[in-house]
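Read off the chains here:
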Amino acid sequence: MTQTGIAPLEGVRVLELGNYIAAPTAGRMLADFGAEVIKVERPGTGDELRNWRLHKGDTSMLYRTINRNKKSVVLDLRTEAGKQAVLKLAAKSDILLENFRPGTLEKWGLGPDVLNEANPDLIITRISAFGQTGPLSERPGFAAVAEAYGGFRNLVGDPDRPPVRVGVSIGDSIAGLYAAFGSMMSLYQREARRRDAAGAVPLTERIIDVALNEAMFSMMESLIPDYQAYGVDRQRVGGRMDGIAPSNAYFCKDGASIVVAGNGDSIFQRYMETIGRPDLAADPALQSNAGRWARREELDQAIGAWTGQLDSAEALTALDAAGVPAGPIYTAADISSDSQYAARNMIQKFDVSTGEETLAGVGFPGIVPVIGEQSLPIRNLGPDLGENTTEILVGLLGMDEAEISAASGREEALQA
C-alpha cells in the first residue's frame with residue numbers, strides 16, 4: 001500500500017458536534033487516519049475557533065489546523081428540521097463527538113436515549129469540564145480551569161511566583177486524545193462483539209465520558225500516591241523536574257538557552273566530566289537522583305558556569321559527543337527550517353486563501369503517529385463554513401433544497 005493509501009479508519013463515519021478544541025481534536029485524530037468526519041456548525045458564525053487568533057480573513061489558521069481532513073455542514077440545532085437532520089446523520093454514523101456543557105444535548109432533544117433510538121450502535125463520546133456526573137458536572141469550564149482543578153497548574157512556573165499557564169491549550173488537547181482513544185476502544189468492542197456474535201453493546205458502555213479536569217489529573221504521575229503515602233505535596237520548581245537532577249535549561253554565551261537532561265546515573269558521570277567537574281562525578285553523595293536533587297542548586301551553578309563560556313552550538317556539540325541528552329529550545333522559525341521535521345514530512349505546505357489574498361506555501365503540522373516512515377499527507381485543511389452542506393445533506397440524506405434550507409437556517413435567514 002502506498003503512503004497516500006494508508007487509511008486505517010476508512011469506512012468509519014464520525015459526526016462531530018463540538019466547538020473549540022477538545023472534541024475537534026478528537027475528530028482531527030480520527031479524520032487524519034481516514035475516518036469521514038462530518039463537522040456540524042451553527043449558521044452564520046460556525047465554530048468560534050474560526051475567529052481565535054484570526055489575523056486575516058474569516059477563518060483562523062488555528063481552525064484550519066484542528067479541523068483538517070473534515071467536512072463542514074451547517075445545521076441549526078434550534079430548529080426541528082436541524083435536529084432531525086442530526087438524527088438522520090447519527091443513524092448513518094459510527095461515532096458522535098460533542099463537548100457541550102452537560103445537559104445541552106438533552107435540552108435540544110438530542111440526548112443519548114434519543115440518539116440510541118436513531119442508531120442502537122452509535123458510540124457517543126462526550127467531553128465536558130468535569131464529566132457528566134458528580135457535584136460539579138453542571139458547571140461550565142474551559143481547559144484553563146480544568147488544568148487548575150487537575151493539579152497541573154500548581155506545578156507550572158517558578159516557586160516564588162504565581163502559577164502560570166503553558167502556551168497551548170494542553171487540557172483540551174489531552175482530553176481530545178482521550179476522547180479519540182475512548183472512541184476507538186468502544187468501536188473495537190462493538191466490532192469484536194459483532195465478530196463473535198456476542199450481541200450489541202449496551203448504551204451505558206457506548207457513552208464515553210471525558211472530563212477535562214480528569215484528563216489533566218491522569219497526567220500528574222505519582223502526585224496523589226506520594227502525598228497520601230508520605231505527605232509529600234509537590235510544588236513548583238521552575239525549569240526543573242521535582243526529584244530529578246540535574247535537568248534544566250541553561251544560558252549560553254550567545255544568549256540562547258539549551259535544555260540538558262543529565263539525570264541518569266551513568267549519564268551524570270559523563271556530563272560532569274564534559275563540563276570539567278570530575279570532582280562532582282566522583283562525589284559519593286551525588287551517585288543517586290536523591291543526592292543530586294538535594295544539591296541541585298550547586299549542580300545548576302556548575303553547569304551554568306560551563307554553558308556561559310560557550311555558544312549554544314558549541315555546548316550542544318560537546319554534550320552530544322559525550323552522549324548527554326541535550327537540545328536547543330526551538331522557536332517556530334527553528335522548527336520551520338529543521339531537517340528532522342522535514343525528513344518525516346512533519347511540516348506540510350498548503351496555499352491558503354484569506355478571502356482577500358492567497359498565502360502560498362503555508363506550513364501545517366503533520367500527522368502523528370507516523371505510519372510508513374513519514375507523516376501521512378494531510379488531505380485538506382479545515383473547510384470553509386458549510387462547504388460540504390449540500391454534498392452531505394443531498395448525497396447522504398437525500399434532502400431537497402427546501403429541506404436543506406430549513407435544516408441549515410437558510411430559510412430563517414431569508415425570512416429575516
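Residues numbered from 1 in each chain as written. Predicted model: local features only at pLDDT ≥ 70, side-chain atom pairs only at ≥ 80, totals over all residues. Heavy atoms only, no water.

For helix α11 (residues 265-274), every residue scored as buried is listed here: Ile267, Phe268, Tyr271 and Met272. Each buried residue of α11 lies within a common arc of 130° when the element is viewed along its axis, so the set occupies one face. Residues of α11 that are buried sit in contact with β7 (247-251), β8 (257-261), α12 (278-282), α13 (289-294), α14 (296-307) and α15 (312-321). (Buried < 20%, exposed > 50% of the residue type's maximum accessible area, 1.4 Å probe, protein only. Helix = DSSP H or I, 4+ residues; strand = E, 2+ residues; numbered from the N terminus. Arc of directions from axis to C-beta. Contact = heavy atoms within 4.5 Å.)

The subject of this paragraph is the packing of helix α1 (residues 22-32) against helix α7 (residues 170-195). Contact geometry of α1 with α7 gives a least axis separation of 7 Å together with a crossing angle of 50°. Between α1 and α7, the angle is such that the two are oblique. Classified by chirality, the crossing of α7 by α1 is right-handed. Contacts between α1 and α7 involve Ala22, Thr25, Ala26, Met29 and Leu30 from the former and Asp172, Ser173, Gly176, Leu177, Ala179, Ala180 and Met184 from the latter. Looking at the contact of α1 with α7 residue by residue, the class counts come to 8 nonpolar, 3 polar and 1 charged. (Axes fitted to C-alpha atoms, helices over the stretch in contact; angles between N-to-C directions. Parallel < 35°, antiparallel > 145°, perpendicular 65-115°, else oblique. Left-handed = near helix turned anticlockwise from the far one by under 90°. Nonpolar A, V, L, I, M, F, W, Y, C, P; charged D, E, K, R; others polar.)

Inspection of the entire model under this criterion finds 5 aromatic pairs. Ring geometry for Phe130 versus Tyr149: centroids 4.8 Å apart, planes at 80°, classification edge-to-face. Highlighted residues: Phe130 in the loop between β5 (123-128) and α6 (143-149) and Tyr149 in helix α6, separated in sequence by 19 residues. For the pair Phe350 and Phe364, a centre-to-centre distance of 6.1 Å together with 80° between the ring planes defines the contact as edge-to-face. Taken together, the residues Phe350 in strand β10 (residues 347-353) and Phe364 in strand β11 (residues 358-365) connect sequence positions 14 residues apart. Each member of the pair Phe350 and Phe364 is classed as buried. In textbook terms, an aromatic cluster arises when at least three aromatic residues are bridged by ring pairs, as seen for Tyr20, Trp52 and Phe142. The positively charged end of Arg50 is found above the aromatic ring belonging to Tyr63, 3.9 Å away from the centroid. (Phe/Tyr/Trp six-rings, centres within 6.5 Å; stacked < 30°, edge-to-face > 60°. Lys NZ or Arg CZ within 6 Å of the ring centre and 35° of its normal.)

Read across the sheet, 3 strands follow the order β7-β8-β9 without closing on themselves; strand pairing throughout is antiparallel. What marks the edges here is a single partner per strand, and that holds for β7 and β9 (326-328). Looking at each pair of strands side by side, their axes are set apart by 25° on average, direction ignored. In this sheet, β8 lies alongside β7 in antiparallel orientation, the contact comprising 5 bridges. Counted as the bridge partner of Ser247 is Ala261 from β8. α14 contacts β7 and β8 of the sheet and is inclined by roughly 35° relative to β7. On the sheet, α15 packs against β8 and β9 and is oriented at approximately 15° with respect to β8. (Pairing = 2+ DSSP bridges.)

Turning our eyes to something else, we now look at the nonpolar core. Of all hydrophobic cores here, the largest spans 41 residues; its most connected members are Val14, Leu30 and Ile127. When contributions to this core are tallied by element, the ones reaching two or more residues are α1, β4 (95-98), β5, α7, β6 (207-211), α9 (212-217), β10 and β11. Contacts of Ile127, omitting those with residues within four sequence positions, involve Ala22, Ala23, Glu98, Asn99, Phe100, Ala175, Ala179, Val210 and Leu212. Membership of the second largest hydrophobic core comes to 27 residues, among which are Leu75, Ala85, Leu110 and Leu122. (Core = buried A, V, L, I, M, F, W, Y, C linked by side-chain atoms within 4.5 Å.)

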